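Each chain, written out:
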Amino acid sequence: MEKQLELEIYKQEIADLYTGRSQTYDNSNWHLQIAHRLVEHGQVSSGQYILDIATGTGHVAIFAAQLVGAEGKIIGIDISSGMLEQARYKAEKLNLKNIEFQLSDAEILNFADNSFDRIFCSSAFIWMSNLIAALRLWHNCLKPGGIIGIHAFADTAFVGGVITQKVAQKYGISFLMSKPTGTFEKCQNLLQQAGFEAIDIKVEQEGS
Ligand SMILES: C[S@@+](CC[C@H](N)C(=O)[O-])C[C@H]1O[C@@H](n2cnc3c(N)ncnc32)[C@H](O)[C@@H]1O
């Protein structure tokens, strides 16, 4: 049996939220399409060793596993056991032998420095408690010349969210949603503060 994680309340709530959603998460193609775009930008090729952070049901990991082939390997990590269960089931059904899914917190990694050719994080970066510390940690795990690909939603991505933010603000409640990563400049600043040098931010319209 997989070792359970000891998580602080905030992270346990996230894990429970996603475990609760895990059976229906793949009903929509929305996250899948975003994950595939991210991998396409990441110049994935045969034989690479790749880390998929907050892999969920494995959208990035499974696509990348098909691209790296038998010579490569993907590690997908997540704090939600339910999401990982779905990811493992899908990988098994596709007979992918080059993926391993681990129950692990993306902010406490145990990989050696300079381990991965590529590190991805799709639709999950905003959940990290300390964005800059997380980026620094992931940067350490990347091989020199490697690429980290992160997808983040714009400030204005969700109409409901924008309205809720404004109402919450009126009552003095902090409700950040995608705010810390929601513009080109914010992403650039975060990445620079974390020590990244060659930064390439692509803005794409996804939905309305
Ligand atoms: C919106 S889902 C994205 C899943 C997947 N990357 C995708 O593209 O569909 C967010 C995921 O982040 C995971 N997550 C949130 N915080 C995490 C953390 N600190 N460490 C690992 N996974 C985390 C959640 O459990 C959830 O599976």
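Look above for the structure.
Now for a look at the structure at hand. Keep in mind that what you see is a predicted model, and the values were worked out from it rather than measured.

1. Brief notes about the site of the ligand
Inspection of the region around the ligand gives 24 residues, with Ala54, Gly56, Ser80, Ala106 and Ala124 positioned closest. Those elements that place two or more of their residues in the shell around the ligand are helix H1 (9-21), helix H2 (30-41), helix H3 (59-68) and strand E2 (73-78). Class assignment for the residues of the shell around the ligand results in 13 nonpolar, seven polar and four charged.

2. Notes on the packing of helix H5 (residues 131-141) against helix H7 (residues 184-193)
Packed helices, taken two at a time, are described by their axes: the angle between them and the distance between them. Following both chains from N to C, one finds H5 and H7 inclined at 55°, their axes separated by 9 Å at the closest point. Considering the angle they form, H5 stands oblique to H7. Once H5 is placed against H7, the crossing between them reads as right-handed. For the pair H5 and H7, the contacting residues are Leu131, Ile132 and Leu135 in the first and Leu190, Leu191 and Gln193 in the second. Within the contact of H5 with H7, the residues separate by chemical class into five nonpolar, one polar and no charged.

3. Remarks on the sheet that holds strand E5 (residues 142-150)
A sheet is described by the order of its strands in space; here five strands give the open sequence E3-E2-E1-E4-E5, paired in parallel fashion. Unpaired on one side and paired on the other, strand E3 (99-103) and E5 mark the two borders of the sheet. The average undirected angle you get between the axes of adjacent strands in this sheet is 20°. As defined by bridge partners, strand E1 (residues 49-53) adjoins E2 across five bridges and the pair is classed as parallel. When the bridges of E2 are listed, isoleucine 53 appears paired with isoleucine 77.

4. Re the packing of H2 against H3
Contact geometry of H2 with H3 gives a least axis separation of 9 Å together with a crossing angle of 45°. By the angle between their axes, H2 is oblique relative to H3. The interaxial crossing formed by H2 with H3 has right-handed handedness. Each of His31, Leu32, Ala35, His36, Leu38 and Val39 in H2 lies in contact with H3, whose residues at this interface are His59, Val60, Phe63 and Ala64. Classifying every residue of the contact of H2 with H3 gives seven nonpolar, three polar and no charged.

5. Quick look at unusual backbone geometry
In most cases, non-glycine residues show a negative phi, while peptide bonds are predominantly trans. A positive phi angle, close to 60°, is found at asparagine 114, a residue other than glycine. On the basis of neighbour count, asparagine 114 is assigned to the exposed category, with 11 C-beta atoms found within 10 Å. Its identity is not glycine, yet serine 123 carries a phi of approximately 55°, on the positive side. Within the element layout of this structure, serine 123 appears in the loop between strand E4 (116-121) and H5. Serine 123 gets classed as partly exposed once you count the C-beta atoms within 10 Å, which come to 19.

6. Describing the environment of methionine 128
Position of methionine 128 among the secondary structure elements: in the loop between E4 and H5. The sequence separation of methionine 128 and leucine 103 amounts to 25 residues, and the corresponding C-alpha distance is 16 Å. The residues contacting methionine 128, other than those within four sequence positions of it, are Ala106, Glu107 and Ala134.

7. Overview of the pairing of E4
By the criterion of burial, E4 is predominantly enclosed, with six of the six residues buried. In this structure, E1 lies alongside E4, joined through four bridges in parallel fashion. Bridge pairing in E4 links leucine 51 to isoleucine 119. As defined by bridge partners, E4 adjoins E5 across five bridges and the pair is classed as parallel. Residue pairing across strands places phenylalanine 116 opposite leucine 142, the latter belonging to E5.

8. Let's talk about H5
Turning to H5, its buried residues are Leu131, Ala134, Leu135 and Trp138. Within H5, the buried residues cover an arc of 100° as seen down the axis, which keeps them to one side. In this structure, the buried side of H5 is in contact with E1, E4, E5 and H7.

Reading guide: rules and limits
- Residues numbered from 1 in each chain as written.
- Predicted model: local features only at pLDDT ≥ 70, side-chain atom pairs only at ≥ 80, totals over all residues.
- Near = placed C-beta within 6 Å.
- Helix = DSSP H or I, 4+ residues; strand = E, 2+ residues; numbered from the N terminus.
- Nonpolar A, V, L, I, M, F, W, Y, C, P; charged D, E, K, R; others polar.
- Axes fitted to C-alpha atoms, helices over the stretch in contact; angles between N-to-C directions.
- Parallel < 35°, antiparallel > 145°, perpendicular 65-115°, else oblique.
- Left-handed = near helix turned anticlockwise from the far one by under 90°.
- Contact = placed C-beta atoms within 7 Å.
- Pairing = 2+ DSSP bridges.
- Buried ≥ 20, exposed ≤ 12 C-beta atoms within 10 Å, placed from the backbone.
- Arc of directions from axis to C-beta.

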